[in-house]
Amino acid sequence: MPPDAVGGRTEGLLPGVYVLVFQLHEAIEIPVGRLGSLAFSAGVYAYVGSGMSGVEARVRRHLRGHQRPRWHLDYLLPSGKPATAIIGYTSQPLECALADSIGRRFQVFRRFGSSDCRCPGHLFRGEDLPAIANAALDALRGLGCAPRVLPLSAEPGPAKPNPVKRRTRHPR
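Reading guide: rules and limits
Residues numbered from 1 in each chain as written. Predicted model: local features only at pLDDT ≥ 70, side-chain atom pairs only at ≥ 80, totals over all residues. Heavy atoms only, no water. Helix = DSSP H or I, 4+ residues; strand = E, 2+ residues; numbered from the N terminus. Buried < 20%, exposed > 50% of the residue type's maximum accessible area, 1.4 Å probe, protein only. Contact = heavy atoms within 4.5 Å. Areas by Shrake-Rupley, 256 points an atom, 1.4 Å probe, with all protein chains shown as cover. Core = buried A, V, L, I, M, F, W, Y, C linked by side-chain atoms within 4.5 Å. Salt bridge = Lys/Arg side-chain N within 4 Å of Asp/Glu carboxyl O. 1 Å grid on protein atoms, 1.4 Å probe; cavity = no way out; pocket = protein on both sides within 12 Å on 5 of 7 lines; lining within 4 Å. Points joined across faces, edges and corners; volume = space filled by probe spheres on them. Nonpolar A, V, L, I, M, F, W, Y, C, P; charged D, E, K, R; others polar. Pairing = 2+ DSSP bridges. Axes fitted to C-alpha atoms, helices over the stretch in contact; angles between N-to-C directions.

Asker: What is the right way to look at the overall build of the protein in this model?
Answerer: Along the backbone of the protein there are four helices and eight strands. For the protein, the α and β elements follow one another from N to C terminus as β-β-β-β-α-α-β-α-β-β-α-β. For the protein, buried positions account for 45% of its 172 residues. Considering only residue pairs separated by 6 or more positions, the protein has 72% of its internal contacts joining residues 24 or more positions apart. If you sum the accessible surface of the protein, you get close to 10200 Å²; carbon and sulfur atoms cover 50% of it.

Here it is as C-alpha coordinates:
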(Lines give C-alpha, C1' and ligand atoms only; values in the text may rest on other atoms or scores of the structure.)
Protein backbone atom coordinates (compact mmCIF):
# COMPACT_ATOMS: atom_id res chain seq x y z
CA MET A 1 0.00 0.00 0.00
CA PRO A 2 1.50 3.41 -0.92
CA PRO A 3 2.17 5.83 1.91
CA ASP A 4 -0.56 8.22 0.73
CA ALA A 5 -3.19 5.51 1.18
CA VAL A 6 -2.29 4.44 4.72
CA GLY A 7 -5.23 4.99 7.04
CA GLY A 8 -6.88 7.36 4.57
CA ARG A 9 -4.38 10.13 5.38
CA THR A 10 -2.61 12.21 2.83
CA GLU A 11 1.11 11.59 2.56
CA GLY A 12 2.13 14.92 4.12
CA LEU A 13 0.25 14.12 7.31
CA LEU A 14 1.70 10.68 7.96
CA PRO A 15 3.73 10.32 11.16
CA GLY A 16 7.36 9.33 11.04
CA VAL A 17 11.02 10.00 11.67
CA TYR A 18 13.50 11.77 9.44
CA VAL A 19 17.15 12.47 8.88
CA LEU A 20 17.81 15.87 7.34
CA VAL A 21 21.24 15.88 5.68
CA PHE A 22 22.92 19.19 4.92
CA GLN A 23 26.34 20.67 4.31
CA LEU A 24 28.23 23.51 5.92
CA HIS A 25 30.77 24.81 3.43
CA GLU A 26 32.67 26.82 6.03
CA ALA A 27 33.20 26.76 9.77
CA ILE A 28 30.82 28.91 11.81
CA GLU A 29 30.05 29.79 15.40
CA ILE A 30 26.45 30.63 16.22
CA PRO A 31 24.22 30.92 19.28
CA VAL A 32 21.86 27.93 19.60
CA GLY A 33 19.16 28.78 22.11
CA ARG A 34 19.93 27.65 25.65
CA LEU A 35 22.94 25.65 24.44
CA GLY A 36 24.79 28.94 23.96
CA SER A 37 27.38 29.66 21.30
CA LEU A 38 28.50 26.54 19.42
CA ALA A 39 31.25 26.07 16.84
CA PHE A 40 30.57 23.94 13.76
CA SER A 41 33.31 22.97 11.33
CA ALA A 42 32.73 22.58 7.61
CA GLY A 43 31.36 19.18 6.69
CA VAL A 44 28.24 17.10 6.23
CA TYR A 45 25.64 17.02 8.98
CA ALA A 46 22.65 14.82 9.71
CA TYR A 47 19.87 15.88 12.05
CA VAL A 48 17.45 13.25 13.38
CA GLY A 49 13.92 14.27 14.23
CA SER A 50 10.31 13.17 14.18
CA GLY A 51 7.02 14.54 13.02
CA MET A 52 4.23 12.54 14.56
CA SER A 53 1.58 14.90 13.19
CA GLY A 54 3.12 14.87 9.72
CA VAL A 55 6.76 14.07 9.07
CA GLU A 56 6.95 15.73 5.65
CA ALA A 57 5.34 18.88 7.04
CA ARG A 58 7.98 18.95 9.80
CA VAL A 59 10.81 18.68 7.26
CA ARG A 60 9.27 21.45 5.13
CA ARG A 61 8.95 23.62 8.25
CA HIS A 62 12.68 23.25 8.94
CA LEU A 63 13.49 24.21 5.35
CA ARG A 64 11.57 27.48 5.52
CA GLY A 65 13.48 30.26 7.24
CA HIS A 66 12.22 31.37 10.66
CA GLN A 67 12.70 34.63 12.48
CA ARG A 68 11.93 32.93 15.80
CA PRO A 69 13.65 29.53 15.90
CA ARG A 70 11.77 26.79 17.72
CA TRP A 71 14.14 23.82 17.47
CA HIS A 72 17.93 23.75 17.71
CA LEU A 73 18.12 22.93 14.00
CA ASP A 74 16.34 26.19 13.17
CA TYR A 75 19.42 28.09 14.40
CA LEU A 76 21.92 26.10 12.31
CA LEU A 77 20.16 25.19 9.07
CA PRO A 78 20.09 28.72 7.57
CA SER A 79 23.91 28.53 7.45
CA GLY A 80 23.90 25.21 5.62
CA LYS A 81 22.82 23.81 2.30
CA PRO A 82 20.20 21.04 2.59
CA ALA A 83 21.06 17.99 0.48
CA THR A 84 18.43 15.37 1.24
CA ALA A 85 15.76 14.33 3.68
CA ILE A 86 15.37 10.63 4.42
CA ILE A 87 11.99 9.74 5.90
CA GLY A 88 10.69 6.62 7.59
CA TYR A 89 6.92 6.51 7.97
CA THR A 90 5.99 5.08 11.35
CA SER A 91 3.73 5.77 14.29
CA GLN A 92 6.33 4.22 16.60
CA PRO A 93 8.62 6.49 18.68
CA LEU A 94 11.84 5.60 16.80
CA GLU A 95 13.62 8.98 16.86
CA CYS A 96 16.02 8.08 19.66
CA ALA A 97 16.76 4.60 18.28
CA LEU A 98 17.54 6.21 14.90
CA ALA A 99 19.83 8.78 16.56
CA ASP A 100 21.57 6.03 18.52
CA SER A 101 22.25 4.02 15.36
CA ILE A 102 23.70 6.99 13.45
CA GLY A 103 25.62 8.12 16.54
CA ARG A 104 27.61 4.87 16.55
CA ARG A 105 29.22 5.86 13.24
CA PHE A 106 29.52 9.65 13.36
CA GLN A 107 30.53 12.48 15.67
CA VAL A 108 27.61 13.57 17.85
CA PHE A 109 26.96 17.13 18.98
CA ARG A 110 26.10 16.76 22.64
CA ARG A 111 22.62 17.94 23.68
CA PHE A 112 21.84 19.32 20.19
CA GLY A 113 18.24 18.36 19.38
CA SER A 114 17.89 16.15 22.43
CA SER A 115 16.59 18.48 25.13
CA ASP A 116 13.43 16.37 25.48
CA CYS A 117 15.14 12.96 25.80
CA ARG A 118 18.21 11.30 27.31
CA CYS A 119 20.12 10.86 24.04
CA PRO A 120 23.63 12.31 23.78
CA GLY A 121 22.42 14.36 20.78
CA HIS A 122 20.48 14.27 17.53
CA LEU A 123 23.00 16.11 15.31
CA PHE A 124 25.87 14.24 13.69
CA ARG A 125 28.86 15.26 11.58
CA GLY A 126 30.72 13.40 8.87
CA GLU A 127 33.02 14.17 5.95
CA ASP A 128 31.19 12.32 3.20
CA LEU A 129 27.57 12.92 2.14
CA PRO A 130 26.97 9.42 0.70
CA ALA A 131 28.35 7.79 3.88
CA ILE A 132 26.08 9.71 6.23
CA ALA A 133 23.05 9.27 3.94
CA ASN A 134 23.71 5.53 3.65
CA ALA A 135 24.03 5.27 7.43
CA ALA A 136 20.59 6.89 7.74
CA LEU A 137 19.11 4.51 5.16
CA ASP A 138 20.64 1.48 6.89
CA ALA A 139 19.43 2.66 10.30
CA LEU A 140 15.86 3.18 9.08
CA ARG A 141 15.80 -0.22 7.41
CA GLY A 142 17.19 -1.77 10.59
CA LEU A 143 14.29 -0.22 12.51
CA GLY A 144 11.76 -1.75 10.11
CA CYS A 145 11.01 1.39 8.10
CA ALA A 146 11.04 1.56 4.32
CA PRO A 147 12.96 4.82 3.81
CA ARG A 148 11.87 7.44 1.34
CA VAL A 149 14.55 9.80 0.03
CA LEU A 150 13.59 13.38 -0.77
CA PRO A 151 16.40 15.12 -2.68
CA LEU A 152 16.43 18.80 -1.83
CA SER A 153 19.16 20.52 -3.86
CA ALA A 154 22.37 19.94 -5.76
CA GLU A 155 23.54 23.54 -5.76
CA PRO A 156 26.37 24.54 -3.42
CA GLY A 157 26.01 27.47 -1.05
CA PRO A 158 23.98 28.40 2.00
CA ALA A 159 20.29 27.68 2.25
CA LYS A 160 17.96 30.51 1.49
CA PRO A 161 14.57 30.77 3.17
CA ASN A 162 11.61 30.46 0.87
CA PRO A 163 10.08 33.87 0.22
CA VAL A 164 6.83 34.54 2.02
CA LYS A 165 3.97 34.36 -0.43
CA ARG A 166 1.41 37.03 0.32
CA ARG A 167 -2.03 37.33 -1.03
CA THR A 168 -2.68 40.55 -2.79
CA ARG A 169 -6.07 42.10 -2.84
CA HIS A 170 -7.31 43.03 -6.21
CA PRO A 171 -9.67 45.98 -6.50
CA ARG A 172 -13.13 45.04 -7.59
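Next comes the rest of the write-up.
Asker: Please explain the nonpolar core as it appears in this structure.
Answerer: Side chains of a nonpolar character, in soluble globular proteins, are inclined to be buried together. Core analysis: the biggest nonpolar cluster contains 24 residues, and Phe22, Phe40, Leu76, Phe112 and Leu123 have the highest contact counts within it. Going through the elements one at a time, strand E1 (16–24), strand E2 (28–31), strand E4 (43–51), helix H1 (55–63), helix H2 (72–76) and strand E5 (81–89) are the ones with two or more residues in this core. The element contributing the most residues to this core is E1, with four residues. Ignoring sequence-local partners within four residues, the contact set of Phe40 consists of Leu24, Glu26, Ala27, Ile28, Ile30, Val32, Tyr45, Leu76, Phe109, Phe112 and Leu123.

Asker: Is there a simple way to explain the pattern of salt bridges in this structure?
Answerer: Following the criterion strictly, the structure yields six salt bridges and no others. Here Arg104 ties to Asp100 by a salt bridge, and the two come within 2.5 Å at their closest N and O atoms. On the basis of relative accessibility, which here comes to 64%, the residue Arg104 falls in the exposed class. When its relative accessible area of 40% is taken as the criterion, Asp100 is described as partly exposed. One network of salt bridges, in which partners are shared, links Arg105, Asp138 and Arg141.

Asker: Would you mind showing me how to read the layout of surface pockets here?
Answerer: Rolled over the atoms, a probe sized like a water molecule indicates the empty space that remains. Counted as a void, the largest pocket has a volume near 330 Å³. Along the walls of the largest pocket sit 19 residues, with Tyr47, Trp71, Gly113, Ser115 and Asp116 positioned nearest its centre. Only E4, H1 and H2 provide two or more residues apiece to the lining of the largest pocket. A total of three residues in the lining of the largest pocket trace back to one element, the largest contributor, which is E4. Grouping the constituent residues of the lining of the largest pocket by class yields five nonpolar, eight polar and six charged.

Asker: How should I be thinking about the sheet that holds strand E7 (residues 123–126) in this particular structure?
Answerer: Hydrogen bonds between backbone atoms are what pair the strands of a sheet, whose relative direction is either parallel or antiparallel. Spatially, six strands are ordered E6-E7-E4-E1-E5-E8 in an open sheet, and the strand pairing comes out antiparallel. Whereas interior strands pair on both sides, the edge strands pair on one side only; in this sheet they are strand E6 (107–108) and strand E8 (148–151). Bridge count between E4 and E7: four bridges; the pairing is antiparallel. Bridged to Ala46 within E7 is Phe124. In this fold H1 packs onto E1, E4, E5 and E8, with an angle of close to 25 degrees to the strand it touches most, E1. Across the sheet, helix H4 (residues 129–142) lies against E1, E4, E5, E7 and E8, angled at about 10 degrees from E5, the strand it touches most.

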